[in-house]
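# Architecture and fold: a report
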Amino acid sequence: MTTEIFIKDLTKKYPKGPEALRGIHLEVGKGQLFTLLGPNGAGKSTLVKIITTLIQPDSGEFTIGGQNPDKEFSNTRNYIGVASQDNELDPAEKVEDLLRFQGRLFGLSKPQARQRAEELIDAFELQSERQKKCETLSGGNKRRLHCALALVHRPHVLFLDEPTVGMDPEARARFWQVINQINKNDGVTIFLTTQYLEEADKHATEMALIMDGTIHYRGSVSEFKEMVNAGQKLTLEESYLTYVGQSRQPETPLQKLEVPQGLNS
Ligand SMILES: Nc1ncnc2c1ncn2[C@@H]1O[C@H](COP(=O)(O)OP(=O)(O)OP(=O)(O)O)[C@@H](O)[C@H]1O
Ligand SMILES: [Mg+2]
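Read on for an overview of the structure. (Residues numbered from 1 in each chain as written. Chains lettered and ligands numbered in written order. Predicted model: local features only at pLDDT ≥ 70, side-chain atom pairs only at ≥ 80, totals over all residues. Heavy atoms only, no water.)

## Notes on the overall build of the protein chain
- Looking only at helices and strands, one finds nine helices and nine strands in the protein chain.
- Scaling as 2.2 N^0.38, a compact globule of 265 residues should have a C-alpha radius of gyration of about 18 Å, and the protein chain matches this with 19 Å.
- On the principal axes, the C-alpha backbone points of the protein chain span a range of 60 × 45 × 40 Å.
- Looking at the 265 residues of the protein chain, the share that counts as buried comes to 48%.
- Contacts spanning at least 24 positions in sequence make up 66% of the contacts within the protein chain whose residues lie at least 6 apart.
- When the accessible area of the protein chain is evaluated, it comes to approximately 13000 Å², of which 47% is carbon and sulfur surface.
- Put simply, the protein chain has 32 plus and 36 minus side-chain charges, and the middle of one group is 4 Å from the middle of the other. (Helix = DSSP H or I, 4+ residues; strand = E, 2+ residues; numbered from the N terminus. Rg over C-alpha atoms; globule rule 2.2 N^0.38 Å. Buried < 20%, exposed > 50% of the residue type's maximum accessible area, 1.4 Å probe, protein only. Contact = heavy atoms within 4.5 Å. Areas by Shrake-Rupley, 256 points an atom, 1.4 Å probe, with all protein chains shown as cover. Lys, Arg positive; Asp, Glu negative; His and termini not counted. Charge placed at Lys NZ, Arg CZ, Asp CG, Glu CD.)

This is how it looks when you write it as structure tokens:
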């Protein structure tokens with residue numbers, strides 16, 4: 001396996017805030033559809049922001065595609081695409097103009113930027129929104145546009161921080177069609193955070209679980225389920241609830257975990 005994302009000893013404490021990351025080690029292989037799971041406030045977005053250079057860590061190292069985006073950003077900015085959890089969109093800009101502008105920013109010619117914008121408007125079904133100003137978009141359509149913007153320059157690694165929040169079921173299905181296609185056909189590595197565990201269960205093969213700024217598990221989704229369930233067939237959501245619930249009581253050994261009532265019926 002070729003390592004695409006490499007993270008070592010990463011720590012981050014916000015000024016007057018908590019210790020958000022407490023020494024993160026993580027590797028993600030090229031072409032993986034990887035999901036980082038964890039409760040609210042666990043440190044997922046902090047990790048994504050650091051490795052996409054939006055904020056600085058206190059210590060540690062990381063590389064993406066063998067390069068440190070922080071130090072070699074001009075070389076690697078074309079390599080990654082990011083749809084952050086709290087990205088701002090230019091409120092007065094129209095959807096299609098923003099997509100074209102993004103293409104121009106990444107060095108596409110005017111006709112190329114126009115064509116790429118069309119492809120992404122089609123892919124994320126934003127046809128009826130194309131002339132609207134960003135400030136007038138609904139929440140789900142904003143998320144679609146964030147994802148489209150992240151893909152304009154055909155990145156090799158795509159970071160998606162809770163991308164499907166607010167998307168309706170059709171938009172979500174369409175979104176996963178696009179993501180699976182670029183992952184399987186184009187070999188794009190996907191680094192996803194989500195609270196919709198049925199999505200992670202269905203689409204991700206590799207995962208990590210982060211709690212209180214510490215990685216608790218790193219491995220395949222199926223091995224996580226096996227590890228927690230000890231022979232029972234449970235979904236990722238059920239396994240996650242079991243593990244996270246029991247981890248809050250550190251005295252309880254993992255093999256004695258009980259499945260919350262009603263979850264395995
Ligand atoms: N700018 C900030 N200043 C101070 N503390 C922050 C800041 N951003 C995040 N935090 C804190 O750092 C911790 C980790 O936050 P983070 O946003 O990384 O969590 P998360 O796993 O992405 O959560 P969620 O599932 O809610 O998105 C939390 O305790 C959060 O309150
Ligand atoms: Mg977050």
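## A closer look at the pattern of salt bridges
- Throughout the structure, instances matching the rule amount to 14 salt bridges.
- A salt bridge links arginine 130 to glutamate 118, with the nearest nitrogen and oxygen atoms 2.5 Å apart. Here arginine 130 is found in the loop between helix H4 (110-123) and helix H5 (139-151), whereas its partner glutamate 118 is found in helix H4, with 12 residues between them in sequence. (Salt bridge = Lys/Arg side-chain N within 4 Å of Asp/Glu carboxyl O.)

## Examining the site of ligand 1
- In the vicinity of ligand 1, 14 residues are found, and the nearest of them are Asn40, Gly41, Lys44, Ser45 and Thr46.
- Here an oxygen atom of ligand 1 and a side-chain polar atom of asparagine 40 are 3.0 Å apart.
- When ligand 1 is considered free in solution it has 640 Å² of accessible area, and contact with the protein chains removes 64% of it.
- Per-element tally for the shell around ligand 1: the top contributor is helix H1 (residues 44-51), with three residues. (Near = heavy atom within 4 Å. Polar contact = N/O pair within 3.5 Å; in protein donor to acceptor, adjacent residues only side chain to side chain.)

## Digging into the layout of surface pockets
- Estimates place the volume of the largest pocket at around 560 Å³.
- Around the largest pocket sit 22 residues that line it, and Val82, Asn87, Gln102, Phe106 and Leu149 are the ones nearest its centre.
- Going through the elements one at a time, strand S5 (80-83), helix H3 (95-105) and H5 are the ones with two or more residues in the lining of the largest pocket.
- The element contributing the most residues to the lining of the largest pocket is H3, with four residues.
- Of the residues that constitute the lining of the largest pocket, the class distribution is 11 nonpolar, eight polar and three charged. (1 Å grid on protein atoms, 1.4 Å probe; cavity = no way out; pocket = protein on both sides within 12 Å on 5 of 7 lines; lining within 4 Å. Points joined across faces, edges and corners; volume = space filled by probe spheres on them. Nonpolar A, V, L, I, M, F, W, Y, C, P; charged D, E, K, R; others polar.)

## Observations concerning the sheet that holds strand S2 (residues 19-29)
- Spatial strand order, S2-S1-S4: three strands in an open sheet with antiparallel pairing. At either margin of the open sheet sits one strand with a lone partner, and together these are S2 and strand S4 (59-64). Strand-to-strand twist across the sheet, computed as the mean angle between neighbouring axes with direction ignored, equals 15°.
- Pairing between strand S1 (residues 3-13) and S2: eight bridges, direction antiparallel. When the sheet's bridge partners are listed, lysine 13 is paired in S2 with glutamate 19. (Pairing = 2+ DSSP bridges. Axes fitted to C-alpha atoms, helices over the stretch in contact; angles between N-to-C directions.)

## Focus on the packing of aromatic side chains
- In the structure shown here, the tally under the stated rule is five aromatic pairs.
- Plain terms: the ring middles of tyrosine 217 and phenylalanine 224 are 5.0 Å apart, the flat faces sit at 55° to each other, and that makes the pair tilted.
- These aromatic residues form a ring-pair network of at least three members: Phe34, Phe159 and Phe191.
- Positioned over the ring face of phenylalanine 106 is arginine 77, at 5.2 Å from the centre of the ring.
- Of note, arginine 172 hangs over the ring of tyrosine 196, and the distance from its end group to the ring centre comes to 4.1 Å. (Phe/Tyr/Trp six-rings, centres within 6.5 Å; stacked < 30°, edge-to-face > 60°. Lys NZ or Arg CZ within 6 Å of the ring centre and 35° of its normal.)

These results come straight from atomic positions and should not be treated as a statement about function.
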